[in-house]
Amino acid sequence: MGYGEVVDAASSTKADIVRGIRACRFYVYLLPTFVLLGVFCFYPPILGFLGSFYEWNGANVKIWNGLDNFAKMAHDKVLIASIGNLIKLATFTLITSITVPLLAAELIFNLRSLRAKYWYRVLLVAPMVVPGMVTLLLWQFIYDPNVGLLNAVLGVFNVPAQRWLNDPHLALYCLMFMAFPFVGGITVLIYLAGLNSIGQEVFDAAKIDGARFWQRFFRIDVPLVMGQIKLLLILSIIGVLKGYGAQLILTDGGPGYSTMVPGLHMYHQAFEFDHLGYACALGLALFLVIITLTYLSMKIRKPETE
Amino acid sequence: MRSWGRWRKRLVEALKHVVMGTITGLVFYPFVMLIVVSFKNTDQFMHNPWFVTFPLHFANYPAALELLVRYAANSVFVSGVSCLGTVFLAAFTAYVFARFEFVGRQFLFYLIISLMMVPGILGLVPMFMIVKRLGLLNTYWALILPYIAGGQVLGIFLLRTFFSAIPSDLFDSAEIDGAGDFRTFISVAMPLCKPMMATIAIISFHGTWNDLIWPLVVISDDKLKTITIGLLAFQSRFQSYGVAVTQYGPLFAGYVVAAIPLLALFLCASRYFVEGLTSGALKA
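The rules we used
Residues numbered from 1 in each chain as written. Chains lettered and ligands numbered in written order. Predicted model: local features only at pLDDT ≥ 70, side-chain atom pairs only at ≥ 80, totals over all residues. Helix = DSSP H or I, 4+ residues; strand = E, 2+ residues; numbered from the N terminus. Rg over C-alpha atoms; globule rule 2.2 N^0.38 Å. Buried ≥ 20, exposed ≤ 12 C-beta atoms within 10 Å, placed from the backbone. Contact = placed C-beta atoms within 7 Å. Core = buried A, V, L, I, M, F, W, Y, C linked by C-beta atoms within 7 Å. Domains from an automatic or database assignment. Nonpolar A, V, L, I, M, F, W, Y, C, P; charged D, E, K, R; others polar. Axes fitted to C-alpha atoms, helices over the stretch in contact; angles between N-to-C directions. Left-handed = near helix turned anticlockwise from the far one by under 90°. pLDDT = per-residue confidence, 0-100.

Colleague: Before we move on, can you summarise the overall build of chain B with the specific residues and values?
Modeller: Summing up its helical and strand segments, chain B has 12 helices and zero strands in all. Counting from the amino terminus, helix and strand elements in chain B follow one another as α-α-α-α-α-α-α-α-α-α-α-α. At 25 Å, chain B has a C-alpha radius of gyration far larger than the 19 Å of a compact globule built from 284 residues. Each principal axis of the C-alpha atoms in chain B carries an extent, and together these give about 75 × 75 × 35 Å. Looking at the 284 residues of chain B, the share that counts as buried comes to 39%. At a minimum sequence separation of 6, the contacts of chain B that also span at least 24 residues come to 79%.

Shown next as structure tokens:
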């Protein structure tokens, strides 16, 4: 820092100013990003939070009504029905989306042929290129009461034709089984990555100790892929709680309210009835539930292993 | 005894293949059926819906394409612009965060990352109001701007980690040679992170191409509809109620057409995608 002392005070401040101005350019660089994020990512949740405390129709009415929107939820029959549906849907989805891919991953992992391993992996991921909408419409066709695939298959076994999505007792189960056979997308790959990162010596040790497959599975594999299980648990929770695309396209919550879920209820309140304040409150409630459940799942500890 | 043991092993191995084969078959059957039916006319569909029938009716495809081409073009434009915008802006922002020191750098970065924790459901209704107030309803911008904004977050996160791992000497030497900030970014930083950028591009394109609820909310003009919601309009053309029969051939040909761009993208970029996932994302 020797020469810094000989520079006179005036030019030193001048250099500071120049450096200061040059440093400002970083903020200019970040400006476009932050303008976009501000308008479309930061502002909406804030506005949604505030909107929950208003009676708001999106046009001329915006009246502060405190916690009325939240009080209204307790008497909202549609919401209560939708929560029941969501609990059933979520339980089923969480169980299937965590266990079935793990079993499939174990099967692939324990295959001896490397080439077969590779191809099963590719084939399980390949359906991701089919747009979600096409998959939805395909399932609509599978469930079609008149010409659908499912009734045709059951017809072979002399099972009478069902009305599936049009039957209030079956519609919700139909939505659950749209993920059949529950191994789609990258879940299997995530588990495989976890299994691959377990060292071969661990498996060898288990073998020498005479562990049978199921013993190894529960004592070694499951504890060691707990990280992946947690990740998938969180992703499925978020996915199932905020998702309502299938309901929106296939059933619109019906017949009756048999497939209504809170997300779709929010959508209806906002875009069909112009109850924007109430819709915001529903969004906020869902958001709080999602955050709480995510937080709780992150708290799950690995079981103690030696 | 030994030969029984070997046979048992083979049997178990075969059994695994049977189970996995069945599962993959079940995953694939709907798509096979989709393609099979897309070549049928109504008569063939009524008499033999599940197996290939001859002659194949290739004419279903031009018929479907004619109705879908506008929606597909909209989607290509919207997803393409969003994807390029997301990748470029995310890369530049990530570069600024990784390369330069400035007051509030950590804070601003964590501010962006915190968005990953906020599920979109809270923002849907207000976002609609914002877009409406900006006068963007029924424009491409109602889709593109939120897509770029939302897609950036993950991109910035992944790319910043990537850029931080590159020795800064590389950038310094470019600057000593007289390159400005932008020049260094474009000529030095961008070529290095190609696989990462391709990965983010695919994630972005896949997400926007498939998005359903947001376009449904902000686009009602049939001329501007994206392929996802265009398919609904398309479907209602072929779906008939009462006596008439739904024309499944051209309908399913349309579904196949809607899947082709994503398929093409994955085939082109899968090499980069795999490279990107193994080079940065998983280690991040």
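Having seen it, we continue.
Colleague: Account for the overall build of chain A, naming residues and giving values.
Modeller: Helix and strand counts for chain A come out as 15 helices and two strands. In terms of overall dimensions, chain A has C-alpha extents of about 100 × 70 × 35 Å along its principal axes. Taken over 306 residues, chain A has a buried fraction of 31%. Expressed as a percentage of contacts within chain A between residues at least 6 apart in sequence, the contacts between residues at least 24 apart total 69%.

Colleague: Give me the nonpolar core: which residues, what numbers.
Modeller: Grouped together as the largest cluster of nonpolar side chains are 118 residues, with contacts concentrated most on B:Ala91, B:Ala94, B:Tyr95, B:Leu159 and B:Tyr255. When residues of this core are assigned to domains, at least three fall in each of domain 1 (2-51) and domain 2 (70-299) of chain A. In this view, B:Ala91 contacts B:Leu159, B:Met190, B:Cys193 and B:Met197; residues no more than four positions away in its chain are not counted. Within the second largest apolar cluster, 17 residues are counted, among which are A:Tyr120, A:Leu124, A:Val225 and A:Leu232.

Colleague: Explain the interface of chain A and chain B residue by residue, including any values.
Modeller: Across the boundary between the two partners, chain A contributes 58 residues, which contact 54 residues of chain B. Of all the elements in the fold, those that place two or more residues in the side of chain A that touches chain B are α2 (9-51), α4 (77-109), α5 (114-125), α6 (132-142), α12 (226-242), α13 (245-251), α14 (262-271) and α15 (276-299) of chain A. Looking at which element gives the most residues to the side of chain A that touches chain B, the answer is α2(A), with 17 residues. Of the residues assigned to the side of chain A that touches chain B, the class counts are 46 nonpolar, 10 polar and two charged.

Colleague: I'd like a rundown of unusual backbone geometry, residues and numbers included.
Modeller: Cis peptide bonds are those with omega within 30 degrees of zero, and the linkage from A:Phe180 to A:Pro181 qualifies with -5°. Here A:Pro181 lies in the loop between α8 (171-176) and α9 (187-196). With a phi angle near 55°, A:Asp252 is a residue other than glycine that sits in the positive phi range. By the secondary structure assignment, A:Asp252 is in the loop between α13 and α14. Positive phi is not limited to glycine here, since B:Asn138 has a value of about 60°.

Colleague: Please give an account of α6(A) that cites residues and values.
Modeller: α6(A) sits mainly inside the fold: 10 of its 11 residues count as buried. Along α6(A), the residues that are buried comprise A:Met133, A:Val134, A:Thr135, A:Leu136, A:Leu137, A:Leu138, A:Trp139, A:Gln140, A:Phe141 and A:Ile142.

Colleague: Could you give an account of the domain arrangement of chain A, with specific residues and numbers?
Modeller: Looking at chain A, the domain boundaries give domain 1 (2-51) and domain 2 (70-299). Here domain 1 of chain A and domain 2 of chain A have C-alpha centroids that lie 45 Å from each other.

Colleague: Before we move on, can you summarise the packing of α4(A) against α12(A) with the specific residues and values?
Modeller: All names here are of chain A. Packing of α4 against α12 leaves a shortest axis separation of 10 Å and a crossing angle of 150°. Here the hand of the crossing between α4 and α12 comes out right-handed. Between α4 and α12, the residues in contact are Leu-89, Ala-90, Thr-93, Leu-94, Ser-97 and Ile-98 and Ile-229, Leu-232, Leu-233, Ser-236, Ile-237, Val-240 and Leu-241, respectively. Its residues assigned to classes, the contact of α4 with α12 comprises 10 nonpolar, three polar and no charged.

Colleague: Give me the confidence of the model for chain A: which residues, what numbers.
Modeller: On average, residues of chain A score 85 in pLDDT, and 94% of them reach the 70 mark or higher. In the model, residues 1-7 of chain A has pLDDT below 50 throughout and makes one contact with residues more than four positions away in sequence or in other chains.

Colleague: With reference to specific residues and values, describe the packing of helix α3 (residues 60-99) of chain B against helix α9 (residues 194-210) of chain B.
Modeller: Residue and element names in this part refer to chain B. One can describe the packing of α3 onto α9 by two numbers: an axis separation of 9 Å at closest approach and a directional angle of 145°. For the crossing formed where α3 meets α9, the hand is right-handed. Contacts between α3 and α9 involve Ser-75, Val-78, Ser-79, Ser-82, Cys-83, Thr-86, Val-87, Ala-90 and Ala-91 from the first element and Met-197, Ile-200, Ala-201, Ser-204, Phe-205, Thr-208 and Trp-209 from the second. Considering only residue class, the contact of α3 with α9 consists of 10 nonpolar, six polar and no charged.

Colleague: So what about the environment of B:Met116? Which residues, and what values?
Modeller: All names here are of chain B. The residue Met-116 is located in the loop between α4 (105-114) and α5 (124-133) in this model. Judged by local crowding, Met-116 falls into the exposed class, with 10 C-beta atoms found within 10 Å. Spatially, the C-alpha atom of Met-116 lies 9.6 Å from that of Phe-157, the residues being 41 residues apart in sequence. Once residues within four sequence positions are removed from consideration, Met-116 is found in contact with Val-153 and Leu-154.

Colleague: I'd like to hear about the confidence of the model for chain B, residue by residue, with values.
Modeller: Residues and elements named next belong to chain B. Here chain B shows a mean pLDDT of 84. Residues at 70 or above account for 92%. Within chain B, no element has a lower average pLDDT than helix α12 (residues 248-281), which sits at 75, and none a higher one than helix α10 (residues 213-218), at 92. Low pLDDT (under 50) marks residues 278-284, which in the prediction has 11 contacts with non-local residues, meaning those over four places away or in another chain. Scored by ipTM, the complex comes to 0.84, with pTM at 0.86.

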